[in-house]
Amino acid sequence: MTEQPQTILAISGSLRARSSNTAVLRAAGKAVPGHIKFVPYEDLGELPHFNPDIDDDEHEAASVKNLRAQIASAKGVLFCTPEYANGVPGSLKNALDWIVSSGEFNAKPVTVISVSTFPTGGEKALESILLTLGMLGAQVGEAGSLKIPVISKKLGEAGEVTDEATLQAIRQLMENLIQRMNA
Ligand SMILES: Cc1cc2nc3c(=O)[nH]c(=O)nc-3n(C[C@H](O)[C@H](O)[C@H](O)COP(=O)(O)O)c2cc1C
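Nothing here was measured: the structure is a model prediction, and the numbers come from that model.

Cut-offs used in this document
Residues numbered from 1 in each chain as written. Predicted model: local features only at pLDDT ≥ 70, side-chain atom pairs only at ≥ 80, totals over all residues. Heavy atoms only, no water. Patch = residues over 30% accessible without salt bridge, like charges linked within 9 Å, V, L, I, M, F, W, Y side chains within 5 Å. Areas by Shrake-Rupley, 256 points an atom, 1.4 Å probe, with all protein chains shown as cover. Salt bridge = Lys/Arg side-chain N within 4 Å of Asp/Glu carboxyl O. Lys, Arg positive; Asp, Glu negative; His and termini not counted. Charge placed at Lys NZ, Arg CZ, Asp CG, Glu CD. Helix = DSSP H or I, 4+ residues; strand = E, 2+ residues; numbered from the N terminus. Buried < 20%, exposed > 50% of the residue type's maximum accessible area, 1.4 Å probe, protein only. Core = buried A, V, L, I, M, F, W, Y, C linked by side-chain atoms within 4.5 Å. Contact = heavy atoms within 4.5 Å. Pairing = 2+ DSSP bridges. Polar contact = N/O pair within 3.5 Å; in protein donor to acceptor, adjacent residues only side chain to side chain. Axes fitted to C-alpha atoms, helices over the stretch in contact; angles between N-to-C directions. Parallel < 35°, antiparallel > 145°, perpendicular 65-115°, else oblique. Left-handed = near helix turned anticlockwise from the far one by under 90°. Nonpolar A, V, L, I, M, F, W, Y, C, P; charged D, E, K, R; others polar. Near = heavy atom within 4 Å.

Trainee: Would you mind going over a negative patch on the surface with me for this structure?
Mentor: Taken together, Asp 53, Asp 56, Asp 57 and Glu 58 make up a surface patch of like negative charges. Inspection of the secondary structure assignment puts Asp 57 in the loop between strand E2 (36-40) and helix H2 (62-73).

Trainee: Explain the pattern of salt bridges to me, please; I cannot follow it from the model alone.
Mentor: Opposite charge on two side chains makes pairing possible when the charged atoms of those side chains draw close. A full pass over the atoms with the stated rule returns four salt bridges. Across the pair Asp 55 and Arg 68 runs a salt bridge whose closest N-O atoms are separated by 2.8 Å. Taken as a pair, Asp 55 in the loop between E2 and H2 and Arg 68 in helix H2 lie far apart in primary sequence, 13 residues in all. Each member of the pair, Asp 55 together with Arg 68, is buried. Given the relative accessible area of 9%, Arg 68 is considered buried. Put simply, Asp 55, Glu 60 and Arg 68 are held in one network by salt bridges that share partners.

Trainee: What is the right way to look at the nonpolar core in this model?
Mentor: Soluble globular proteins tend to bury their nonpolar side chains together. Of all hydrophobic cores here, the largest spans 26 residues; its most connected members are Val 77, Phe 79, Phe 105, Val 110, Ile 129 and Leu 133. Of all the secondary structure elements, the ones that give two or more residues to this core are strand E1 (6-12), H2, strand E3 (76-81), helix H3 (90-99), strand E4 (110-115) and helix H4 (123-135). Broken down by element, this core gets its largest block of residues, five residues, from H3. Ignoring any residue separated from it by four or fewer positions in sequence, one finds Ile 129 in contact with Phe 79, Val 88, Leu 92, Leu 96 and Val 112. In this structure, Ile 170, Leu 173, Leu 177 and Met 181 belong to the second largest nonpolar core, which totals 23 residues.

Trainee: Quick question: what am I supposed to make of the pairing of strand E5 (residues 145-148) here?
Mentor: Where a strand is regular, its side chains alternate between the two sheet faces. Residues of E5 alternate between two faces, with Leu 146 and Ile 148 buried on one and Ser 145 and Lys 147 left unburied on the opposite face. Judged from the four bridges that link them, E4 and E5 form a sheet pairing that is parallel. Its bridge partner being in E5, Val 112 is matched across the sheet by Ser 145.

Trainee: Where do I start with the environment of Leu 126 in this structure?
Mentor: Along the chain, the position of Leu 126 falls in helix H4. With relative accessibility at 7%, the residue Leu 126 sits in the buried group. Linking Leu 126 and Gly 29, residues 97 residues apart in sequence, is a C-alpha distance of 20 Å.

Trainee: Help me understand helix H1 (residues 20-30), please; the structure alone is not making it clear to me.
Mentor: For an α-helix, the turn length of 3.6 residues means that residues three or four places apart are oriented alike. Every buried residue of H1 is accounted for by Ser 20, Asn 21, Ala 23, Val 24, Leu 25, Ala 27 and Ala 28. On its buried side, H1 packs onto E1, E2, E3, E4, E5 and helix H5 (164-181). Of the residues that open H1, the one with a side-chain oxygen 3.0 Å from the backbone nitrogen of Asn 21 is Ser 19.

Trainee: I would appreciate a short explanation of the packing of H1 against H5 in the present structure.
Mentor: Helix-helix packing is described using two parameters, namely the angle between the two axes and the distance between the axes. Following both chains from N to C, one finds H1 and H5 inclined at 60°, their axes separated by 9 Å at the closest point. Taken as axis vectors, H1 and H5 run oblique relative to one another. Crossing of H1 against H5: the hand is right-handed. Touching Val 24, Ala 27 and Ala 28 of H1 are Leu 167, Ile 170 and Met 174, all from H5. Grouping the amino acids of the contact of H1 with H5 by side-chain chemistry returns six nonpolar, no polar and no charged.

Trainee: Sorry if this is basic, but what is going on with the site of the ligand here?
Mentor: Among the 15 residues in the neighbourhood of the ligand, the closest are listed as Ser 14, Ser 19, Ser 20, Asn 21 and Ser 116. Here Ser 19 contributes a side-chain N or O atom positioned 2.6 Å from an oxygen atom of the ligand. Note that a nitrogen atom of the ligand is positioned 3.0 Å from one of the backbone N or O atoms of Ala 85. In the complex, 73% of the free accessible area of the ligand, which totals 630 Å², lies under the protein chains. Tallied by class, the residues present in the shell around the ligand amount to five nonpolar, eight polar and two charged.

Quick look at the structure:
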């Protein structure tokens, strides 16, 4: 019997077409070995606003069902998020709120990157999402997060990550995530 390939689900907290967070996710995708499937989550903007009244089998939206299924089937999850107004973007927090009752993050190996144009690297968003993921039972660990400050200086003309120190940090982060996925 052939084994299913391991999957990393990659969730960007930015809906922008030319998002630097999504560019960092692309760099992370290039850093994983070929036997691992790196799957970008595409439907963050499609999720309904979380409302406990529609969080049941009867009302579950297809987009919510799909998010839950994608997290459940992934061996690990990678987030890359901007900071908006000192916090996590509403659309990303909304996605996390949908997972509170269904529990797919419980014991899931997760890695989180915050990316900012500011020198602070989105530290408040990172702190905040780590608190939420902790509440959801995700397993992030000591080496499972990274802040990338002043992203504008680390991208090439096509919007790809070109800064070697940043690429190296991303590679280490992915190695750590894969180790935890196989522990
Ligand atoms: C509405 C808004 C609020 C922002 N607030 C913050 C903030 O509080 N802290 C921060 O570090 N960056 C803040 N930024 C800058 C983002 O970090 C920056 O735009 C980042 O590149 C967005 O990520 P993206 O390129 O993936 O869309 C804000 C940007 C916007 C549009």
